[in-house]
Amino acid sequence: MESAEYTVKRIENLLAARKSLKISLEKSKVLAFALEKAGPRLEEINLRLPSLEAAVRPIRARKEALVAVGGHIDRAVGPAAAVLKVFDAVHGLENSLLSDPRSDLAGFLSVLKRLEEALRFLADNCGLAIQWLEDIVEYLEDNSVADARYLLNLKNSLKTLKKLQTDEERARVDGGLLSAALDKLETEFRRLLTENSVPLPMSSSVGEQACISPSPLPVSVIQKLQAIIERLTANNRLEKCISIYVEVRSSNVRASLQALNLDYLEISISKFNDVQSIEGYIAKWGKHLEFAVKHLFEAEYKLCNDVFEKIGLDIWMSCFAKIAAQAGILAFLQFGKMVTESKKDPIKLLKLLDIFASLNKLRLDFNRLFGGKACIEIQNLTRDLIKRVIDGACEIFWELLTQVELQRNTPPPADGGVPRIVTFITDYCNRLLGNDYRPILMQVLVIQRSWKHEKFQERLLMDAILQIIKAIEQNLETWSKAYDDSTLSCLFLMNNHWHFYKNLKGTKLGDLVGDNWLREHEQFKDYYAQMYLRDSWAKLPGLLSREGLIMFSGGRATARDLVKKRLKAFNETFDDMYKKQSNWVVSERDLREKTCQVAVQTIVPVYRSYMQNYGPLVEQDASSSKYAKYTAQSLERC
């Protein structure tokens, strides 16, 4: 009984244990499933622990640090927020500044000015904002308020901001909004200039009337250009602005000058032998230079002043100097220099005086237009040209006497005419003494003497020319002795003395040498004319002697022989003289006619009378044509 109860109880205990174990196994399964499911969550929690730790770190920081950090944050965030607000405003200007300023230039400039103000604000305040942010990062780091990684990220961000601030100017050049807006403004500046710059129309009377041209741009355009220049200058773009202006305006001046056909300015000194080959170009040069200075460069000078007057004198004078140089003033000066380097001859003196007269006429204009320090190259070239012209002209003038004397060794003209140097020098000296050249030559001689600290009196000029004329007279005397034929020598002297009298009477040179000198040459002409006739044609009538013909009037055959002999001698002498003198000349028409008339009067009446009286003796002879070779009329024609 007792054992049975014991057995039952043990069974019950086993059943209870089994049930309890079964329940435990079930719970273990549930717990294992729960643990398996919670694993990833625990891992996630484990990953979030550092950030959670950083988040609660301020709670763990000292109370004093936590209290102070709020003020630091407020001070740092205030400037940063203002900067961000301005950045937003700049972004709002973008559409306006990327549009074409042509339609509303004033509006474009106004928006651009706002952008400049915003950029100035950013330039002034970005550094301050960065500095405040650096302070708060330093505070957080010193007081262990923030996590180290968080602080590292903040420091890297601030470093990037500081680098951007340092590279601000480069960032603009690389395509910033301000740079793009300024590029558009430069384009508009060029467009306004180009569309309103029209070459000046040429006329056939270029250079004859010197009038100052008005400004070639409308006032409204000038005002727009000034407004653009103001903004470009404020943004360090003035040099580019000037470059555009010089390019467009110098091109406009060159286009105006091209209509004048200035190719001759490019002639090199190797392409001509003397000044006479380009004499016509020198005359054009003076007119063209006057036109360029008084019309074109005068207008550009005024326009530069109008457009750049607010920038300053040095700026617009420099701008004008570049335009003048690029447009062609240097080519004009270089051409003048080339003339001074050409071969020396008397004609060159006149051309140098022409060049001096042109430059002197424009002296006040040159001083005013090119007097500034910006035009130093033009000034130096002009001074050099003037010095070359003056020295070259004086050198040629003072050498004229020597050149005339050197001609003394050359042979005289074979035809007995007036030597070219005689006609040239007399005409040349008359031109030098004329109203066109005398004042200029005097001024040139005075200037050169002043460089040597010497005075020049007008009498020196007159004496120099008188010495040249005396040298020509001496040449004539020497040349006349070089002829083998004394008759030709007389003809030569007759020609030249008459040339002096005829061509100098009533001229400036004639007034200088005086009436007595002229009368002497007229008398010398008469004297040598008589000598010439005496030694030539006046000998012919003596060959037609009537001696013996009356005595032998009863002997017809004897008379015929005498007439034949005398006519033969006359014909031979006349033919020889005619042949020889056919190559001689009497230069002046009135002297030639008078000389022929005297020769005819000397010969023809005597011949006519002789033939009327004695011609019949030979005219019936079979060989009459051999002796009665000429009639009075044919002789006169010869």
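About the criteria used
Residues numbered from 1 in each chain as written. Predicted model: local features only at pLDDT ≥ 70, side-chain atom pairs only at ≥ 80, totals over all residues. Heavy atoms only, no water. Helix = DSSP H or I, 4+ residues; strand = E, 2+ residues; numbered from the N terminus. Buried < 20%, exposed > 50% of the residue type's maximum accessible area, 1.4 Å probe, protein only. Contact = heavy atoms within 4.5 Å. Areas by Shrake-Rupley, 256 points an atom, 1.4 Å probe, with all protein chains shown as cover. Axes fitted to C-alpha atoms, helices over the stretch in contact; angles between N-to-C directions. Parallel < 35°, antiparallel > 145°, perpendicular 65-115°, else oblique. Left-handed = near helix turned anticlockwise from the far one by under 90°. Nonpolar A, V, L, I, M, F, W, Y, C, P; charged D, E, K, R; others polar. Phe/Tyr/Trp six-rings, centres within 6.5 Å; stacked < 30°, edge-to-face > 60°. Lys NZ or Arg CZ within 6 Å of the ring centre and 35° of its normal. Expected span 1.5 Å × (residues − 1). pLDDT = per-residue confidence, 0-100. Salt bridge = Lys/Arg side-chain N within 4 Å of Asp/Glu carboxyl O. Core = buried A, V, L, I, M, F, W, Y, C linked by side-chain atoms within 4.5 Å.

1. Focus: the overall build of the protein
For the protein, the count of helices and strands is 24 helices and zero strands. Among the 638 residues that make up the protein, the fraction classed as buried is 41%. Intrachain contacts of the protein at a sequence separation of at least 6 include 82% that bridge at least 24 residues. For the protein, the computed accessible surface area is about 36000 Å², with 53% contributed by carbon and sulfur atoms.

2. So, the packing of helix 11 (residues 329–340) against helix 14 (residues 376–406)
The N-to-C vectors of helix 11 and helix 14 enclose an angle of 20°; their axes lie 9 Å apart at closest approach. Taken together, the axis directions place helix 11 and helix 14 in an arrangement best described as roughly parallel. When the axes of helix 11 and helix 14 are compared, the crossing they make is left-handed. Touching I329, L330, L333, G336, K337 and T340 of helix 11 are E377, I378, L381, T382, D384, L385, R388 and V389, all from helix 14. Split into classes, the residues belonging to the contact of helix 11 with helix 14 amount to seven nonpolar, three polar and four charged.

3. Quick notes on the packing of helix 14 against helix 17 (residues 458–480)
For any two helices packed against each other, the geometry comes down to the angle between their axes and how far apart the axes lie. One way to put it is that helix 14 packs onto helix 17 with a least axis distance of 9 Å and a crossing angle of 10°. One way to sum up the angle between helix 14 and helix 17 is to call them roughly parallel. For the pair helix 14 and helix 17, the contacting residues are F397, W398, L400, L401, V404 and E405 in the first and L461, A464, I465, Q467, I468, A471, I472 and N475 in the second. Classifying every residue of the contact of helix 14 with helix 17 by side-chain character gives eleven nonpolar, two polar and one charged.

4. Overview of the packing of aromatic side chains
To describe a pair of aromatic rings, you give the distance between the ring centres and the angle between the ring planes. Summed over the entire model, instances satisfying the criterion amount to 19 aromatic pairs. Relative to F574, the ring of W537 has its centre 5.8 Å away and its plane inclined at 50°; by these criteria the two rings are tilted. With W537 in the loop between helix 20 (515–535) and helix 21 (556–581) and F574 in helix 21, the pair connects residues that are 37 residues apart, well separated along the chain. Considered together, W537 and F574 belong to a single accessibility category, that of buried residues. Three or more aromatic residues joined by ring pairs form one cluster here, namely F297, Y301, W316, F320, F366 and F370. Directly above the ring of W498 sits K525, whose terminal nitrogen or CZ lies 4.4 Å from the centroid.

5. Some details on helix 20
With 21 residues, helix 20 should reach 30 Å at 1.5 Å per residue; the first-to-last C-alpha distance of 30 Å fits that figure. Those residues of helix 20 that sit buried are W517, L518, H521, K525, Y528, A529, M531, Y532, L533 and D535.

6. As for the confidence of the model for the protein
Do not read the fine detail of predicted coordinates wherever pLDDT is low. Put simply, the protein has an average pLDDT of 79, and 71% of its residues get 70 or more. In this model residues 169–175 is a low-confidence stretch, pLDDT under 50, and it forms six contacts with partners more than four residues away in sequence or in other chains. Here residues 207–212 is a poorly scored stretch, pLDDT under 50, and it has twelve contacts once near neighbours within four places are set aside; other chains count.

7. Brief notes about the pattern of salt bridges
This structure, assessed with the given rule, holds 27 salt bridges. The partner of E279 in a salt bridge is K351, with the nearest N and O atoms 3.7 Å apart. Taken as a pair, E279 in helix 9 (residues 279–308) and K351 in helix 12 (residues 346–361) lie far apart in primary sequence, 72 residues in all. Residue classification places E279 among the partly exposed positions, given a relative accessible area of 28%. Between D365 and K294 there is a salt bridge whose closest N-O contact spans 2.9 Å. Here D365, found in helix 13 (residues 363–369), pairs with K294, found in helix 9; they are 71 residues apart in sequence, far enough to count as distant. Given the relative accessible area of 10%, D365 is considered buried. A cluster of three or more residues bridged by salt bridges with shared partners is formed by D183, E186, R237 and K240.

8. Some words on the nonpolar core
Core analysis: the largest hydrophobic core is formed by 155 residues, its most contacted members being Y245, F297, F370 and F397. With residues up to four places along the chain from it excluded, the contact list for F370 reads F297, F320, A324, I329, D365, C375, I378 and Q379.

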